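Here are the chains, one letter per residue:
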Amino acid sequence: MRMTSKSIWRIVIIAAVVASSCWVDVSDAEAKKKGKGKSKSKTSSSKSKNKFPPKDYDPNTKVYIDALFFRCHAEDCPALFMKENKKSMTLEEADKAGAMICGVGMKSSQQKCLQGYQRKHPQKQTGDDTLVWAGEGRTGKKLAWHVPGCHRGSGSRSRLKTRKAALAEGGIMCEHCAHKVSFAKPHAQDWPEKSQDKTPFVAPAGWSPKAYSPDQLPPKKELDIWVEETLGTGLALSGDRFEDPAASMEHFVTRRFFFPQQAWRNQHMCYRVTGDKRVLEKMRASARFYNKLAKAYPSAAAYKANGPEGSAFMWTMAVTARITMKMARKYPGKVSKQEFAEAEDFLKTIVATLKPTYEKYDNIDSEYGINQGVADAIRKKIFNRAANGWGMMAQAAAGLTDLQVIKRTNEYQKTIDCYNKTVAAYVKYFRDTGDFQTYNGKTHFFYPYSPNGGYKMQDGIKVYKRPEDVGHSTITLRGMQLIYEANSNLGVDDELLTAWANMACCNATTTVTFQGKQWRSGFMQPPVIAKERVMVKPGWHEYAPCRGTLYHLEAFRPGLIKTLATPLNASQAAKKDADYGNRTHTLFAHYLKAYRKDRSLIHLGEKSGGRLASRR
Ligand SMILES: [Zn+2]
Ligand SMILES: [Zn+2]
Ligand SMILES: [Zn+2]
């Protein structure tokens with residue numbers, strides 16, 4: 001029997017729903033094919049995928065021992081940084097001592113050393129006396145104990161205890177660190193900068209939050225309260241501190257920055273609306289922290305920044321430097337010498353940190369004219385994970401451009417060209433992978449979760465194996481906005497963002513039938529495809545009304561905020577929009593609307609003649 005492609009899709013989808021397996025990404029799909037079912041044993045599936053053929057190594061190979069976890073690297077391993085801080089021994093000695101061997105049994109096939117090495121001695125195991133601390137488990141609110149330094153959970157020094165004592169209190173050991181031996185001692189004091197974090201917002205008597213209008217700014221008094229709320233969101237510094245700085249940095253490089261810290265985003269949006277200097281200072285405070293780390297430990301910072309996921313750690317450095325430089329160029333008297341020098345310093349650190357990866361001109365991609373490895377990463381990296389790193393880079397390029405004008409130099413031109421070319425390549429690839437479709441006279445933009453996840457053509461429409469879900473699209477959108485704000489020639493333009501707005505509205509208003517009921521899909525697909533290929537699985541990337549981050553697109557499609565509330569009634573929506581996040585997103589749409597018309601605009605306060613913020 002020959003099946004139409006349509007019926008194949010339907011069967012695949014029904015099967016997927018019945019087996020209650022998820023469509024998350026290629027590795028999950030592969031795990032499923034191998035009969036592993038739904039089990040979220042990503043580690044084991046990746047392990048089997050990345051098995052290297054056995055290989056002989058000279059037992060006298062010099063290896064270095066990491067400072068955080070008991071693991072060794074060969075001298076040329078890209079994951080080995082701060083070498084001068086680390087102990088060395090022979091491979092044979094490390095094996096005998098039970099050290100983890102970098103490339104053996106590790107998850108990722110990238111940037112590992114000693115792949116295919118065959119252990120001669122057992123790996124050292126953690127035991128009852130291993131010290132652990134409690135952190136937040138990633139899955140729900142379950143108490144999880146971690147070996148200090150685990151990428152999944154920070155803990156508190158006061159709760160450091162033996163594994164035996166910890167488990168007696170209840171909870172579980174985190175599966176990611178349960179087998180990792182660590183000799184690193186958490187520092188007696190956390191990073192001092194983290195203590196600046198605490199300025200909790202106290203609501204004024206009689207005040208209660210109410211939704212803001214997409215059409216009219218709230219009165220100054222209300223904006224002042226909103227600024228106070230924003231100042232209460234802290235610096236959002238990530239990472240634990242250990243006595244050995246190399247251990248601190250090994251932990252730092254595992255931190256995730258590709259969903260930029262919400263506090264940074266909020267501060268950025270708040271500054272764009274009010275121009276309040278205290279908010280800018282708050283962003284600068286976190287920028288200072290990462291600037292300090294990157295300058296003190298350049299090899300670790302460069303390793304972290306070797307892809308767009310990690311380079312997003314310099315988000316506040318780039319964003320504040322860009323604002324400061326633009327301000328200095330537009331209003332020379334308004335930026336102090338010190339502020340200018342600091343912004344210049346942030347930019348210099350970014351340039352130095354990105355140089356080893358991006359400013360390599362010996363192996364150039366023929367299509368994009370940028371470093372081959374970088375071009376390959378653009379073609380492979382999941383869009384939402386990459387967007388904010390590229391957004392950071394676009395902001396840095398804009399900052400450097402203003403810096404050059406102010407200082408009358410061409411010193412950074414090659415770097416600026418490299419950054420702009422790289423970001424433009426990402427955006428071009430994104431647009432080319434996506435699909436512009438016209439419905440009811442409006443152009444919509446659809447795109448997949450992964451750049452190389454696969455699609456088939458159906459009546460001129462790209463039907464992606466895994467279309468983007470609305471949640472992840474908001475992350476990608478944040479990075480795209482940074483690019484939009486940095487430079488209008490990099491491919492993120494009014495056309496793209498308008499088509500994105502149309503897609504979001506389309507998604508909110510298209511109903512699909514699943515198990516006899518009407519649903520809205522959490523995946524962004526053209527209506528005809530969404531109805532036919534129903535991607536609904538309760539609890540997994542479900543549609544949610546009033547998704548704040550998308551509100552920015554009100555600037556490209558008036559009425560969007562109202563549409564995104566579907567199917568809530570006005571009072572239900574108003575309740576959701578009273579939330580701090582949604583109020584912030586609503587106000588940021590005001591800024592973007594004005595910025596569309598005037599690209600020289602730094603913040604809305606400029607237009608109100610100081611009405612919005614008295615502290616510029
Ligand atoms: Zn290694
Ligand atoms: Zn853990
Ligand atoms: Zn539509």
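Scroll up for the structure.
Residues numbered from 1 in each chain as written. Chains lettered and ligands numbered in written order. Predicted model: local features only at pLDDT ≥ 70, side-chain atom pairs only at ≥ 80, totals over all residues. Heavy atoms only, no water.

Q: Hey, could you run me through the pattern of salt bridges in this one?
A: Oppositely charged side chains are able to pair whenever their charged atoms sit close together. A complete count under the given rule lists 35 salt bridges for this structure. Asp 402 serves as the salt-bridge partner of Arg 329, at 2.6 Å between the closest nitrogen and oxygen. A residue pair is termed long-range when its members are at least 10 positions apart, and Arg 329 in helix H12 (residues 315–330) and Asp 402 in helix H15 (residues 383–407) qualify at 73 residues. In this structure Arg 329 comes out as partly exposed when scored by relative accessible area, which is 42%. Of the charged contacts, one joins Asp 365 and Arg 379 as a salt bridge, the two residues approaching to 3.0 Å between their closest N and O atoms. Taken together, the residues Asp 365 in the loop between helix H13 (337–358) and helix H14 (372–380) and Arg 379 in helix H14 connect sequence positions 14 residues apart. An identical accessibility class is assigned to Asp 365 and Arg 379; each is buried. Salt bridges here are not isolated pairs; linked through shared partners, they connect Lys 277, Glu 281, Arg 284, Arg 288, Glu 339 and Glu 342. (Salt bridge = Lys/Arg side-chain N within 4 Å of Asp/Glu carboxyl O. Helix = DSSP H or I, 4+ residues; strand = E, 2+ residues; numbered from the N terminus. Buried < 20%, exposed > 50% of the residue type's maximum accessible area, 1.4 Å probe, protein only.)

Q: How should I be thinking about the environment of Gln 413 in this particular structure?
A: Note that Gln 413 resides in helix H16 (residues 413–433). The partly exposed category is assigned to Gln 413, whose relative accessible area is 30%. Separated by 12 residues in the primary sequence, Gln 413 and Thr 401 have C-alpha atoms spaced 7.9 Å apart. Of note is the side chain of Gln 413, whose polar atom sits 2.8 Å from the side chain of Gln 404. (Polar contact = N/O pair within 3.5 Å; in protein donor to acceptor, adjacent residues only side chain to side chain.)

Q: What's the story with the sheet that holds strand E1 (residues 62–65) in this structure? I'm lost.
A: By way of backbone hydrogen bonds, the strands of a sheet pair with one another, either parallel or antiparallel. Pairing in this open sheet of 4 strands is mixed, and the strands run E3-E1-E2-E4 from one edge to the other. Looking at which strands have only one partner, the edges of the open sheet turn out to be strand E3 (88–90) and strand E4 (100–101). By the bridge criterion, 3 bridges tie E1 to strand E2 (residues 71–74) in an arrangement that is antiparallel. Paired with Val 63 across the strands is Ala 74, a residue of E2. (Pairing = 2+ DSSP bridges.)

Q: Before we go on, may I ask you to explain the coordination of the zinc ion (ligand 2) in this structure?
A: Ideal values for angles at a metal depend on the geometry: 109.5 degrees with four tetrahedral donors, 90 or 180 degrees with six octahedral donors. Around the zinc ion (ligand 2), the protein supplies His 146 (ND1), Cys 150 (SG), Cys 174 (SG) and Cys 177 (SG) as donor atoms, at distances of 2.2 to 2.3 Å. Between the 4 donor atoms coordinating the zinc ion (ligand 2), the angles at the centre fall across 100 to 117°, so the site counts as tetrahedral. Sequence spacing of the donor residues for the zinc ion (ligand 2), all on one chain, is H-x3-C-x23-C-x2-C. Of this pair, Cys 150 sits in the loop between strand E6 (143–146) and strand E7 (161–162) while Cys 174 sits in the loop between strand E8 (172–173) and helix H6 (220–231), and the two are 24 residues apart along the sequence. The pair Cys 150 / Cys 174 is uniform in exposure class, with both members buried. (Donors = N, O, S within 2.8 Å, 3.2 Å for Na, K, Ca; no water. Tetrahedral: all angles 85-135°; square planar, octahedral: opposite > 155°, others 65-115°.)

Q: Just checking my understanding: could you explain helix H17 (residues 470–486) for this structure?
A: The α-helix winds at 3.6 residues per turn, so residues separated by three or four positions along the chain end up facing the same way. In this model H17 runs 24 Å from its N-terminal to its C-terminal C-alpha over 17 residues, within 8% of the 24 Å that 1.5 Å per residue would give. Its side-chain oxygen placed 3.2 Å from the backbone nitrogen of Gly 471, Asp 469 serves as the N-cap of H17. (Expected span 1.5 Å × (residues − 1).)

Q: Explain the nonpolar core to me, please; I cannot follow it from the model alone.
A: Nonpolar side chains in soluble globular proteins tend to end up buried together. Core analysis: the biggest nonpolar cluster contains 165 residues, and Tyr 290, Trp 390 and Tyr 419 have the highest contact counts within it. Considering every element that reaches this core, the biggest residue donor is H15, with 12 residues. The contact partners of Tyr 419, leaving out residues within four places of it in the chain, are Ile 350, Val 351, Leu 354, Glu 359, Met 393, Ala 396, Ala 397 and Leu 400. Within the second largest apolar cluster, 6 residues are counted, among which are Phe 514, Trp 519, Ala 530 and Val 534. (Core = buried A, V, L, I, M, F, W, Y, C linked by side-chain atoms within 4.5 Å. Contact = heavy atoms within 4.5 Å.)

Q: For this particular structure, what's the right way to read the pairing of E2?
A: Neither face of E2 is open: one carries Arg 71 and His 73, the other Cys 72 and Ala 74, and all of them are buried. Here E1 folds back onto E2 in antiparallel fashion, the turn holding 5 residues. Here E2 runs beside E4; their pairing, made up of 2 bridges, is parallel. Bridged to Arg 71 within E4 is Met 100.

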